[in-house]
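The primary structure of each chain is shown beneath.
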Amino acid sequence: MGSMLGNPRWLAGTAAGLTAAILSLWAMRGLPLGFAAFWLTPLPLFATGLGFGPAAMAWAAGLAAVIHLAVAGLVPATVFLVAFAVPALLMVTLGFRQGRIETGLPLALLGIWPAVVIILAGIAFAGTPGGLEGAIHAAVLQGLNRMGTSPEQMPVQELVQVMAAAVGFWSAISLSVNGAAAQSALSRAGLALSPTPRWSAVRLPFWYPALPGAGAAAWLAFGGEGDVVALSVLMVLLLPVFLQGIAAIHRRSAGRPGRHFMLGIFYAGLIILSVPAAIAVTAFGFYEQWGRRTSPPGGTT
């Protein structure tokens, strides 16, 4: 016990595990500012992993999972592990390469991990009425009832179609933002294990664009418009390409006059035009992957 208390890695892991568990359980219990607490849940995990290594991060994640299991039960512990702990640990472990952080594999994981989770959820609910779509439909109706909103006033079927992909998108954004924030704070404090990479120079592995291509082929061949699993898998697999497109826009606008105004117009258009703008940015992400003749710093790993 004394050796553990004298080891900064295990102390940091213990503190991070306790903090992550408090944030997650705070949100799951429906306490005030629960959404913010849930959003910040992976931050202490990333801080431990990027400052003290994957082993300390694994200890933090395991400790937080045990606390969830003891206090709230199996389902909350599973949600914590699937939504935050496992993908965050994989991102940090795959990102460290010979004293530096390679962003390609962690970015790819933001699409691969939710796709795997959606497929497994589809298999798990295959024996229930309506499958995964039926489970999501029931959850949407329950959420609308709690908000006091009539289902007739909302496009329930459209919400069901995109709900799984939307959750995957939210989780990916939470992981990427918290990971970047933790690395930035550790670098300023001089505690980061590796230098901070230029996120605007991020490049997916050369093989990744084949995955959304395979997802599109599977959706067209076996799914169709009404297949929640196939459509959601395709959408989450496109997410890293979309993020690469945004990063490329930041990189290409660097040094140009009125850059901040240009980026403001870009994000306003992304919000207002939403689907058409997202398609255009994703297409630009594909161009950055295959159409450019030169690679940004860091190569394609």
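Summary of the structure given here. (Residues numbered from 1 in each chain as written. Predicted model: local features only at pLDDT ≥ 70, side-chain atom pairs only at ≥ 80, totals over all residues. Heavy atoms only, no water.)

This brings us to the nonpolar core. Counting residues in each nonpolar core, the largest one holds 58 residues, and the members touching the most others are F46, L50 and F80. Looking at this core, the element that brings in the most residues is helix α11 (residues 228-253), giving 10 residues. Apart from the residues lying within four places of it in its own chain, the contact partners of F80 are A20, S24, M28, T41, L45, A61, A64, A65, H68 and A85. (Core = buried A, V, L, I, M, F, W, Y, C linked by side-chain atoms within 4.5 Å. Buried < 20%, exposed > 50% of the residue type's maximum accessible area, 1.4 Å probe, protein only. Helix = DSSP H or I, 4+ residues; strand = E, 2+ residues; numbered from the N terminus. Contact = heavy atoms within 4.5 Å.)

Take helix α6 (residues 74-95) next. If you check α6, its first and last C-alpha atoms are 30 Å apart, about what 22 residues at 1.5 Å a residue would give, namely 32 Å. A maximum bend of about 45 degrees is found in α6 at L81. For α6, the complete set of buried residues consists of P76, A77, F80, A83, F84, A85, P87, A88, M91, V92 and G95. (Expected span 1.5 Å × (residues − 1). Bend = angle between axes of the 7 residues up to and from the residue.)

As a further point, take the side chain of T282. Take T282: it is sitting in helix α13 (residues 275-291). Ignoring sequence-local partners within four residues, the contact set of T282 consists of L238, V241 and F242.

In this model, helix α7 (residues 104-124) (21 residues) spans 30 Å end to end at C-alpha, consistent with the 30 Å of a helix rising 1.5 Å per residue. Its axis deflected by about 30 degrees at L110, α7 carries its strongest bend there, up to four residues before the proline P114. All of the buried residues in α7 are G104, P106, L107, A108, L109, L110, G111, P114, A115, I118 and G122.

What follows covers the packing of aromatic side chains. Under the counting rule described, the total for this entry stands at nine aromatic pairs. For the pair F38 and F84, a centre-to-centre distance of 5.0 Å together with 80 degrees between the ring planes defines the contact as edge-to-face. Pair noted here: F38 is in helix α3 (residues 34-40) and F84 is in helix α6, with a separation of 46 residues, a long-range link. Residue F38 shares its accessibility class with F84, and that shared class is buried. Connected via pairs of aromatic rings, a cluster forms that spans F35, F38, W39, F84 and W170. (Phe/Tyr/Trp six-rings, centres within 6.5 Å; stacked < 30°, edge-to-face > 60°.)

By secondary structure assignment, the location of H68 is in helix α5 (residues 54-71). Owing to a relative accessible area of 0%, H68 belongs among the buried residues under this scheme. The contacts of H68, once residues within four sequence positions are left out, are A21, S24, L25, M28, G73, P76, A77 and F80.

The next point concerns the pattern of salt bridges. Applying the stated criterion across every chain, the model contains three salt bridges. The shortest N-O distance in the salt bridge between E102 and R100 comes to 2.6 Å. The shortest N-O distance in the salt bridge between E288 and R252 comes to 2.9 Å. Residue E288 is located in helix α13, and its partner R252 is located in helix α11; the two are separated by 36 residues in the primary sequence. A relative accessible area of 2% means that E288 is categorised as buried. (Salt bridge = Lys/Arg side-chain N within 4 Å of Asp/Glu carboxyl O.)

Here we take up the packing of helix α2 (residues 8-28) against helix α4 (residues 42-52). The contact between α2 and α4 brings their axes to 8 Å, and the two run at 165 degrees. Considered as vectors, α2 and α4 are oriented roughly antiparallel to each other. With respect to the hand of their crossing, α2 and α4 are arranged in left-handed fashion. In this structure, α2 uses P8, R9, A12, G13, A16, T19, A20 and L23 to contact α4, whose residues at the interface are P44, L45, T48 and F52. Of the residues that constitute the contact of α2 with α4, the class distribution is eight nonpolar, three polar and one charged. (Axes fitted to C-alpha atoms, helices over the stretch in contact; angles between N-to-C directions. Parallel < 35°, antiparallel > 145°, perpendicular 65-115°, else oblique. Left-handed = near helix turned anticlockwise from the far one by under 90°. Nonpolar A, V, L, I, M, F, W, Y, C, P; charged D, E, K, R; others polar.)

A few words now on the packing of α7 against α11. Contact geometry of α7 with α11 gives a least axis separation of 8 Å together with a crossing angle of 170 degrees. On the basis of the axis angle, α7 is roughly antiparallel to α11. Together, L107, A108, L110, G111, I112, P114, A115, I118, I119 and G122 of α7 and V229, S232, V233, V236, L237, L239, P240, L243 and Q244 of α11 make up the contact between the two elements. Of the residues in the contact of α7 with α11, the class split is 15 nonpolar, four polar and no charged.

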